[in-house]
Amino acid sequence: MKIALGVEYLGTDFHGWQIQKSGLRTVQGVVEPALSKIANHPVRVFCSGRTDAGVHAQEQVIHFETQTSRIDGAWLFGGNANLPSDVNFKWAKEVNDDFHARFNAHARSYEYKIHHHPVRSSLKTGYYLWEPRSLNIDDMRKAAAFLVGEHDFSCFRGSMCQAKSPIKTIEYLQIDEVGDDLIIKVKANAFLHHMVRNLVGTLLKIGREEESTEWMLSVLASKDRKEAGPTAEPQGLYFVKAHYQNI
């Protein structure tokens, strides 16, 4: 049978999702042993979207195969009993044999959180990017609108990206103000490596009025990573969820 689970984690002390040969602490590296104890056999999991070091997840989706019969609650609560406090399963359910956490997802959504205040917040360190400078939010929103739709996003593509095509479709890219915080929300059919952090870094240059809103159009047309802004720090990025037709 095939089991899917929703996984929440605080990425601060993880070196990303994927197991590394170096033995560094990763989310996959703690999730697989936890499930293996419940299954009574080694488990290999597949995720909806790998995250980098320091990046968080509200609902990563994973799946694995097993011949061990357990009720959903056993995978959920038994798995959580074997996990450290900075990662937990939110739900577990049996899915169809043709389900795949990565390939069945038709879209993914992320949020990037910025604490926009002259004084840093100790409580938000590690969870938000701190931006003490003044920002023109209206200009950031105007520039963000240029990115909605289908485009070649090579200008936001990280050097380690393994995607076959840089052409992706952004469904929405919005910037919400919540008190002293900015929440940048984006949903697309797929993302390139570092794409969200790179577009956030580009939007911040426009918000600081270092560049005009129209600069975003020239960056996009260039298809050149060197033309865009810097990569925003990882702690503000959250994988929100993967979107499926049947789960």
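Residues numbered from 1 in each chain as written. Predicted model: local features only at pLDDT ≥ 70, side-chain atom pairs only at ≥ 80, totals over all residues. Heavy atoms only, no water.

A.B. asks: Mind showing me how you'd approach the overall build of the protein here?
C.D. replies: Within the protein, the regular secondary structure consists of 5 helices and 10 strands. By the compact-globule yardstick of 18 Å for 247 residues, the protein fits well, its C-alpha radius of gyration being 19 Å. Seen through its principal axes, the protein has C-alpha atoms that stretch 60 × 40 × 35 Å. Buried residues in the protein amount to 51% of all 247 residues. As presented, the protein carries roughly 12,000 Å² of accessible surface, and 48% of it is formed by carbon and sulfur atoms. In the protein, which carries 29 positive and 29 negative side-chain charges, the distance between the mean positions of the two groups comes to 5 Å. (Helix = DSSP H or I, 4+ residues; strand = E, 2+ residues; numbered from the N terminus. Rg over C-alpha atoms; globule rule 2.2 N^0.38 Å. Buried < 20%, exposed > 50% of the residue type's maximum accessible area, 1.4 Å probe, protein only. Areas by Shrake-Rupley, 256 points an atom, 1.4 Å probe, with all protein chains shown as cover. Lys, Arg positive; Asp, Glu negative; His and termini not counted. Charge placed at Lys NZ, Arg CZ, Asp CG, Glu CD.)

A.B. asks: Please explain the environment of aspartate 72 as it appears in this structure.
C.D. replies: Considering the arrangement of structural elements, one finds aspartate 72 in helix H2 (residues 72–81). For the pair aspartate 72 and isoleucine 62, spaced 10 residues apart in the sequence, the C-alpha separation amounts to 14 Å. The contact partners of aspartate 72, leaving out residues within four places of it in the chain, are Ala92, Lys93 and Glu94. (Contact = heavy atoms within 4.5 Å.)

A.B. asks: Any chance you could explain the pairing of strand E9 (residues 181–188) here in plain terms?
C.D. replies: Residues in a regular strand project their side chains so that they alternate between the two faces of the sheet. Where burial is concerned, most of E9 is hidden: 7 out of the 8 residues are buried. Two strands pair when backbone bridges link them, and strand E5 (residues 107–116) and E9 are joined in this way by 8 bridges, in the antiparallel orientation. Bridged to serine 109 within E9 is lysine 187. If you look at the hairpin formed by strand E8 (residues 167–178) and E9, you'll find 2 residues sitting between the two strands, and glycine 179 has a positive phi there, around 65°. (Pairing = 2+ DSSP bridges.)

A.B. asks: Could you clarify how one ought to interpret the nonpolar core in this entry?
C.D. replies: Looking at soluble globular proteins, one finds that nonpolar side chains tend to be buried together. Membership of the largest hydrophobic core comes to 72 residues, with the highest contact counts inside it found for Val31, Leu35, Ile62 and Phe156. The residues contacting leucine 35, other than those within four sequence positions of it, are Leu5, Val43, Val45, Ile62, Phe64, Trp75 and Phe89. (Core = buried A, V, L, I, M, F, W, Y, C linked by side-chain atoms within 4.5 Å.)

A.B. asks: Please clarify how helix H5 (residues 215–222) should be interpreted in this entry.
C.D. replies: Helical geometry note: an α-helix holds 3.6 residues per turn, so side chains three or four residues apart project in the same direction. Turning to H5, its buried residues number three or more, namely Trp215, Met216, Val219 and Leu220. Along the axis of H5, the buried positions cluster into a sector of 135°, meaning they face one direction only. Looking at the packing, one finds that the buried side of H5 touches helix H3 (137–145), strand E7 (149–152) and helix H4 (195–207). Looking at the residues trailing H5, positive phi occurs at lysine 223, about 55°. (Arc of directions from axis to C-beta.)

A.B. asks: Is there a simple way to think about unusual backbone geometry in this case?
C.D. replies: Phi is mostly negative for residues that are not glycine, and the peptide bonds are mostly trans. Phi at histidine 194 takes a positive value of approximately 65°, unusual for a residue other than glycine. Its place among the elements puts histidine 194 in the loop between E9 and H4. What makes histidine 194 partly exposed here is its relative accessible area of 25%. Located in the positive-phi region is lysine 223, a residue other than glycine, with phi close to 55°. Here lysine 223 lies in the loop between H5 and strand E10 (237–243). On the accessibility criterion, lysine 223 (49% relative accessible area) is partly exposed.

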